[in-house]
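Single-letter residue listing:
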Amino acid sequence: MNQLLNKLEKKFGRYAVPDLIKYVIVLYCAGAALGLINQNIYYSYLSLNVEAVLHGQIWRLFTYLIEPYGFNQGMGFIVSILFFAIQVNLFFMFGRSLEQAWGTFRFNMYFISGWFLNIVAAFILYGTLHSVQYLSGFQYIYWSMFFAFATVNPNMELLFWFVIPIKVKWLAILDAVYLLYNVFQYVTMGISCISRGIPAVGGQYFSVAFAILVAMANFLIYFFASRDYHRISPSDIRRRQRFKKQVRDAGRQNGGARHRCAVCGRTELDDENLDFRFCSKCDGNYEYCSDHLFTHQHVRKHD
């Protein structure tokens, strides 16, 4: 997968959209505005209705991304507005952090693959359960950015419910458990509806479960594609172990010091302001303090 992404980046990388998260947020806000005006507009003309797509309404393959945001009514409306504003700010933070970590092209591909996988899921449901309406838009793809963000910044702390500081990695685990519970719940309700002879409703429950699984699968694809598997290869593990042993042995020989100048023999224990560097022109691992790094005589094996 990593090699495929590298090949695609070489060929199409120049077409990647910088700071894509800005345009993603525009779509998210458009869905919120649509939810305030009339959600029926979305489900009647814009949602991913597979039957309508097969009858020529191709635009639905793109407009389904403008999923309405579910604002509450009454006093809950103010709370909904607050949480919506918080989500927008979080999405900006997640998106820009991931684009910086992955690169512009891979971040673009993250959303493109999420868009495509949701369409595939909709057609699978239509072919198996004849579920016409794919009820979920891009909501779960947005939130799956949080899992990716947690892998990049696992020890960053956020205030849970604005009070309790908790590391991002633990929040991601809690979120994953919650989403898997939702998948189980929606699948159970979908099976129940199908067994009672109402497959259309069952298909709608399955569409939400599929959307969650698609979002998590999309994250896992890019998570494993960005892993450095050389670091877990047996040869690399042995190399790091040998290096750590050499460092420990050198520390014991030097009275606990980790660095020793090959010319004057001073260590960081003699002067904490000394800076030590290895010389790239010497044959072998010769380390010098800042006073002798540029003045020493280079060691050559043939000398």
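In what follows, the structure referred to is the one given above.
Residues numbered from 1 in each chain as written. Predicted model: local features only at pLDDT ≥ 70, side-chain atom pairs only at ≥ 80, totals over all residues. Heavy atoms only, no water.

Participant: So what exactly am I meant to see when it comes to the packing of aromatic side chains here?
Facilitator: The relative placement of two aromatic rings is captured by the distance of their centres and the angle of their planes. Within the structure shown, the criterion is met by 15 aromatic pairs. Taking the centre distance of 5.0 Å and the plane angle of 85° together, the rings of Y42 and Y43 count as edge-to-face. According to the relative accessible area criterion, Y43 is partly exposed, its value standing at 30%. Cluster of aromatic residues (ring-pair linked, three or more members): Y28, F84, F91, Y142 and W143. (Phe/Tyr/Trp six-rings, centres within 6.5 Å; stacked < 30°, edge-to-face > 60°. Buried < 20%, exposed > 50% of the residue type's maximum accessible area, 1.4 Å probe, protein only.)

Participant: Any chance you could explain unusual backbone geometry here in plain terms?
Facilitator: The phi torsion of most residues other than glycine is negative, and most of the peptide bonds are trans. At D19, a position not held by glycine, the phi torsion is positive, near 55°. The exposure class assigned to D19 is buried, which follows from its relative accessible area of 18%.

Participant: Please explain the pattern of salt bridges as it appears in this structure.
Facilitator: Pairing of side chains with opposite charge becomes possible as their charged atoms draw close. Considering all chains together, one arrives at four salt bridges under this definition. When the shortest N-O distance is used, the salt bridge between D19 and R96 registers 3.1 Å. Of this pair, D19 sits in the loop between α1 (2–12) and α2 (20–37) while R96 is found in helix α6 (residues 76–102), placing the two residues 77 residues apart along the sequence. When the shortest N-O distance is used, the salt bridge between R266 and D291 registers 2.5 Å. Within this pair, whereas R266 is found in the loop between α11 (234–253) and β5 (276–278), its partner D291 is found in the segment after β6 (287–289), the two being separated by 25 residues in sequence. Connected through shared salt-bridge partners, D19, K22 and R96 make up one network. (Salt bridge = Lys/Arg side-chain N within 4 Å of Asp/Glu carboxyl O. Helix = DSSP H or I, 4+ residues; strand = E, 2+ residues; numbered from the N terminus.)

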